[in-house]
Amino acid sequence: MTTPTITLNNGIEMPALGLGVFLAPAEQTADAVGTAVRHGYRLIDTAAAYLNERAVGEGIRGSGVPRNEIFVTTKLWPGQYGHDEALRGFEASLSRLGLDYLDLYLLHWPVPTDFARTVQAYQAMETLRADGRIRAIGVCNFLPHHLQRLQDETGLVPALNQIELNPFYTQSETRTANAERGIVTQAWAPIGGTYLRNRNAVTNGADTPLQHPLITELAGKYGKTPAQVVLRWHLDHGFSAIPKSVHAQRIVENFDVFDFALTAEEIAQIDALDTGVRAGGNPETFTADSYPTDIDAQ
């Protein structure tokens, strides 16, 4: 089927639902990407820091689907921030992917302790976009004040902000800031991480949103899996989502979400599951040392 699309603020059409490959082992990534593309996915999201860009490129080439029909996203790591460093980081990612251009290039994290280099990297990305090397540029994990500071210092508004977002962590303030600026909200870890430390009355003792009674009840009502219900919640909100899996059955199941919709009441009930607690890194303190990785060694 044709994937519904979202229009970015520069007019580019992006598939609303895609495959993420964070923590996907490189030796399993090509098959996962190939499976996804053959079953209808047209958005693939990776990053230099995931150490699997080569495998993503291999999976795309092996899928039999023309490159111009696939929307490819990758991300610049904070250790590559700065103007010239960003240009080199881009060329390295493009080479590993085996592509001539990117559809979307993102700053992976804000680095508040060295925001000048964050700004320089974004300006380099804008040069690449203006030169036709990238179709759209954006950010990940930016909080509202990071977005405002970037706009103030560059005069640029990102096309997309990819953030940790799922029913247990809904980030309403960041979503509002995105919407006010015409920035698309895209969810990483869209079906939720592990919340063992965060069980409370809201989570009803569930480790993840997929185990919450509300989600399982809705899954039964619609004849869907809990993951499909959560992904539908994202789509009904107008978000983009990039669930990760290397298992063929789950990849196919995650894409089977376009034949039903949640009611406004059900969406609000899921919204109310928010705990206000993130599972991933903190954008206020993140640096390249927060997640040590040797990008150049891949």
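Residues numbered from 1 in each chain as written. Predicted model: local features only at pLDDT ≥ 70, side-chain atom pairs only at ≥ 80, totals over all residues. Heavy atoms only, no water.

A. Structural context of the overall build of the chain. When you go through the chain residue by residue, the secondary structure sums to 10 helices and 10 strands. Overall, the C-alpha framework of the chain stretches about 50 × 45 × 35 Å when taken along its three principal axes. The buried share of the chain, reckoned over its 298 residues, is 54%. Looking at the chain alone, contacts between residues at least 24 apart form 74% of all its contacts between residues at least 6 apart. Just so you have it, the chain exposes about 11900 Å², and 48% of that area is on carbon and sulfur atoms. Averaging the positions of the 23 positive and the 34 negative side-chain charges in the chain gives two centres separated by 3 Å. (Helix = DSSP H or I, 4+ residues; strand = E, 2+ residues; numbered from the N terminus. Buried < 20%, exposed > 50% of the residue type's maximum accessible area, 1.4 Å probe, protein only. Contact = heavy atoms within 4.5 Å. Areas by Shrake-Rupley, 256 points an atom, 1.4 Å probe, with all protein chains shown as cover. Lys, Arg positive; Asp, Glu negative; His and termini not counted. Charge placed at Lys NZ, Arg CZ, Asp CG, Glu CD.)

B. Highlighting the nonpolar core. Counting residues in each nonpolar core, the largest one holds 83 residues, and the members touching the most others are L8, L19, V33, L102, L107 and I270. In terms of residue count, the dominant contributor to this core is helix α4 (residues 115–130) (7 residues). Core analysis: the second largest hydrophobic core is formed by 6 residues, A48, A49, W77 and W109 among them. (Core = buried A, V, L, I, M, F, W, Y, C linked by side-chain atoms within 4.5 Å.)

C. Molecular detail of helix α8 (residues 226–237). For α8, spanning 12 residues, the distance from its first C-alpha to its last is 17 Å, which sits close to the expected 16 Å at 1.5 Å a residue. Among the 12 residues that make up α8, 9 are buried, leaving the element largely enclosed by the rest of the structure. All buried positions along α8 are accounted for by A227, Q228, V229, V230, L231, R232, W233, H234 and L235. Tucked inside the fold, the buried residues of α8 contact β9 (184–188), α7 (213–222), β10 (240–241), α9 (248–255) and α10 (264–271). Within two residues after α8, G238 carries a phi angle of roughly 90°, on the positive side. (Expected span 1.5 Å × (residues − 1).)

D. Structural view of the sheet that holds β9. Reading across the sheet, the 8 strands line up as β3-β4-β5-β6-β7-β8-β9-β10 and stay open at both edges, with parallel pairing between neighbours. Every other strand in the sheet has two partners, leaving β3 (19–20) and β10 as the edge strands with one partner each. Relative to strand β7 (residues 134–140), strand β6 (residues 102–107) is paired through 5 bridges, and the arrangement is parallel. When the sheet's bridge partners are listed, Y105 is paired in β7 with I137. (Pairing = 2+ DSSP bridges.)

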